[in-house]
Amino acid sequence: MSKTGWNKSNWVSLVPNGIGHVKPNHYLDMAKIVWRNRDQLPFAWRILTKGVCDGCALGTAGVHDFTMDGVHLCMVRLELMRLNTAPALDVKLLADAEDLSRKSASELRELGRLPYPMLRRKGEAGFRRIGWEEALTLAAERLKAIDPQRIAFYLTSRGLTNESYYVAQKVARFLGTNNVDNSARICHAPSTVAMKQSIGVAASTVSYKDWLGTDLLIFFGSNTPNNQPVTTKYIYYAKQQGTRVAVINPYREPGLERYWIPSVTESALFGTKLADEFFQVHTGGDKAFIAGTLKHLIENGWTDETFIHEYTTGFDELKASLARQSWELIEAAAGANREEMLRFARTLAEAKTAIFVWSMGITQHADGVSNVRAIVDLALSRGFVGKPKSGLVPIRGHSGVQGGAEVGCVPNQFPGFVAVDEAGALKLKQLWNFEVPVTRGLNAVQMIEAAHDGKLDWFYISGGNFLETLPEPDFVREAIARVPFRIHQDIVLSPQMFVEPADTVLLLPAATRYEQRGGGTETSTERRILFSPEIPGRRIGEAKAEWEIPMLIAERAKPELAKRIHFDDGQAIRNEIAHTVPSYDGIQNLRTTGDQVQWGGERLCEALNAEGNIIPKFQTTDGRARFSILEIKSANDNGKLRLSTRRGKQFNSMIQNRRDPLNGAVREDVLMNETDATRLGIAEGDSILVRSEVGELRGRCRFAPIAPGNVQVHWPEGNVLVRRGVCDPECGIPDYNSVVEIERIA
């Protein structure tokens, strides 16, 4: 990796370490984390230096990654450390469920790790400790009397390994259902569908190394300094090699404007200006902005005609659809004028290579799949797929979600990207030697709807907190309360565990990935399968590996077939994954920290021609990438404000601090454009009421550099404003946006 000298033009301030700026204080925060883990410092150190990061999906093994030299630590990982080193909680506290139900998720986590199986029945005041044999037998006996279509499994990404996902989905199919899903449903399900449709693959087409030296790095609806902070270091070194950075987003994210990277001396002292250009759009206006950009590219002859002719199909149809749509329609929907779109088009035209990065600002919409297809269309129009330093990156925020779907933990796909249908079920039956269900299962959102309708009798929830992750939380609470038999498998307590039982609730204590017998693996955003060994250290009570618990239940539910679902350890699971998921071949050979295999190689959608040169090659039926038709709908907000949800200082729904160190906002702050606030007679700091068609939220006005007509509130608090059941029809992701009215509270 080539490096150049310091570049004063990229400095934020001459004031050392950004004193006086709104920014994270990394070194103070690190000291606080050391103090929090002071009782287990040797164990914490072994986790940091030997384990694979359980935070975002960049894939740091120990304190090193596969993109740059040097040590890599980020606050996301460090903030999660206490989940791995915390002591066991006092199970006597669980005798009073009503008292615990009044605590926040953060307060429950602070109580410590769940050490033993716990049982609560309807009418009981709380939980009592039971043995594993009683817990497993109770769960299994219930299964025997239930229609398999009335059971469901849901797994979240909190540190879960590929092994845990694989065994859970196999258990579901062993029990006769495809009702199994994971938390990728509410983040990148649209990316998976759209990319598979357009280019034949459903993962990042490049490696992080491609960021370094690309001409243009583009971020759509993504705030990587908050969610994947190590990327700021990648951006820093990319800019040293001449990369320009463009951001398309309703809000000028402060972390993308400037950041103090603690492991880079120059940046730690003077900060780094990350984004070169910002393009502000309406919430949900990205697709229209792309449509306008494409119109400019076409009208100015800036598309790559050779690439389009030789390697794609459908461009003429896209071109015709854009010609039919007026600039006025596109501008109104985008929230940006055609001059801004021309500026972006020219930026693209001047680049010879480009990488497109996006996240939930693109995907969490009712047309999330269409949004992602639009990004792919834009990349294809310039030939920015299928060559070095160019490609598509649906960046992941959690360490387990990339691999979860790839090993089959979804309702519409078996392991190895095999469709759920009769042919797919037959293939898996031959591999597993038991009957496999052929009917597509319920996704996470549909599971909650089924529970509310009384159509779910047995619900296995591994991690997470449905009460804080889906729209209309009161409805979600009612749904969970109607399930007769619930199992919550987790390392800590969460609020959903204390929803009153319809009949029976089991709490099953899980071990962390670092305690998993035989070690485990995760798959990073760049498709790198990384081995994380079992880390020596203290263990909590009777906690078991996350993959082992559902397996033990399944063995008792069908004892005559128990051998067909049994695994001795993580190595045995990896051996089977390598056989069942051909692209994961090599996973069986991973043994120590740093061992890895990258499925598909450094980049996807490439091949070598007869002369040995790299050429594009797409994994579609005809080998060509497919453009889509972009249809822009008229803005229909009736003069109301467009609301989106944002993350503050948190990991998923786990709130770690009331204040966001990147912009200074606290949880109750509502980010508003000053023009909108003035029009409504609202001053900064005023108490306000935000009202949608389904709920209300009290907050405080905070002026912010957000596009006029748009507001943001923190997630998950903002879920009360979001209507349930509004989902992308192609992938099932909920729309986490709304239109709202805001009034000042006297």
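Right above here is the structure, for reference.
Residues numbered from 1 in each chain as written. Predicted model: local features only at pLDDT ≥ 70, side-chain atom pairs only at ≥ 80, totals over all residues. Heavy atoms only, no water.

**Student:** So what's going on with the overall build of the protein? Which residues, and what values?
**Tutor:** Broken down by element type, the protein carries 27 helices and 31 strands. Each principal axis of the C-alpha distribution contributes one length, and for the protein these read about 70 × 70 × 50 Å. Considering only contacts in the protein between residues 6 or more positions apart, those separated by 24 or more positions represent 77%. For the protein, the exposed surface amounts to about 26500 Å²; the carbon and sulfur share of it is 50%. Within the protein, one finds 89 positive and 89 negative side-chain charges whose respective centroids are separated by 3 Å. (Helix = DSSP H or I, 4+ residues; strand = E, 2+ residues; numbered from the N terminus. Contact = heavy atoms within 4.5 Å. Areas by Shrake-Rupley, 256 points an atom, 1.4 Å probe, with all protein chains shown as cover. Lys, Arg positive; Asp, Glu negative; His and termini not counted. Charge placed at Lys NZ, Arg CZ, Asp CG, Glu CD.)

**Student:** Give a description of the environment of C605 that names residues and reports values.
**Tutor:** Its location among the elements puts C605 in the loop between β20 (596-598) and β21 (606-608). Residue C605 is classed as buried on the basis of its relative accessible area of 2%. For the pair formed by C605 and F618, sequence separation is 13 residues and the distance between their alpha carbons is 4.9 Å. Each residue touching C605, except ones within four places of it in the same chain, is listed here: I199, V201, T205, V385, G386, I615, P616, K617 and F618. (Buried < 20%, exposed > 50% of the residue type's maximum accessible area, 1.4 Å probe, protein only.)

**Student:** Would you mind going over the sheet that holds strand β27 (residues 669-672) in detail, with residue names and values included?
**Tutor:** The 6 strands are arranged β24-β30-β27-β29-β28-β31 in a closed barrel whose pairing can be described as mixed. Within this sheet the neighbouring strands show an average axis-to-axis angle of 45°, counted without direction. Alignment of strand β28 (residues 687-691) against strand β31 (residues 737-744), held across 4 bridges, turns out to be antiparallel. In the sheet register, L689 faces β31, and the bridge partner there is E743. (Pairing = 2+ DSSP bridges. Axes fitted to C-alpha atoms, helices over the stretch in contact; angles between N-to-C directions.)

**Student:** Before we move on, could you go through helix α19 (residues 368-381) and cite the residues and values that matter?
**Tutor:** One full turn of an α-helix is made of 3.6 residues, so residues set three or four places apart face in the same direction. Here α19 is 14 residues long and its end C-alpha atoms lie 20 Å apart, about the 20 Å a rise of 1.5 Å per residue gives. The buried fraction of α19 is high, at 14 of 14 residues. Directly beyond the C-terminal end of α19, a positive phi value near 70° is found at G383. (Expected span 1.5 Å × (residues − 1).)

**Student:** Break down the sheet that holds strand β4 (residues 180-182) for me, citing the residues and quoting the values.
**Tutor:** The strand order across the open sheet built from 7 strands is β2-β1-β17-β16-β15-β3-β4, with neighbouring strands paired in mixed fashion. Of all the strands in the sheet, the pair left with one neighbour each is β2 (128-129) and β4. Judged from the 6 bridges that link them, strand β16 (residues 485-490) and strand β17 (residues 504-509) form a sheet pairing that is parallel. Bridging from a neighbouring strand, H488 pairs with L507 of β17. Contacts between helix α7 (residues 162-174) and the sheet are confined to β3 (151-155) and β4, with β3 contributing the most and set at about 175° to the helix.

**Student:** Describe in detail the nonpolar core, supporting the description with residues and values.
**Tutor:** With 120 residues, the main nonpolar core has F153, F220, F344, F356, L392, W458 and I553 as its most contacted residues. Among residues more than four places away in sequence, those in contact with F356 are I218, F220, L348, I375, L378, A379, F384, G391, L392 and V393. Grouped together as the second largest cluster of nonpolar side chains are 38 residues, L80, A238, I261 and A275 included. (Core = buried A, V, L, I, M, F, W, Y, C linked by side-chain atoms within 4.5 Å.)

**Student:** Explain the pairing of strand β18 (residues 520-523) residue by residue, including any values.
**Tutor:** Of the two faces of β18, both are covered, the one formed by G520 and E522 as well as the one formed by T521 and T523. Pairing of β18 with strand β19 (residues 528-532) involves 4 bridges; the strand directions are antiparallel. Bridge pairing in β19 places T521 opposite F531. Linkage of β18 to β19, two consecutive antiparallel strands, is achieved through a turn of 4 residues, within which R527 is found at a positive phi near 70°.

**Student:** So what about helix α2 (residues 41-50)? Which residues, and what values?
**Tutor:** Those residues of α2 not exposed but buried are F43, A44, I47 and L48. All buried residues of α2 project into a common sector of 135° when viewed along the axis, lining one side. Facing away from the buried surface of α2 by more than 90 degrees, the exposed residues are P42 and W45. Close packing links the buried residues of α2 with α3 (75-85). (Arc of directions from axis to C-beta.)

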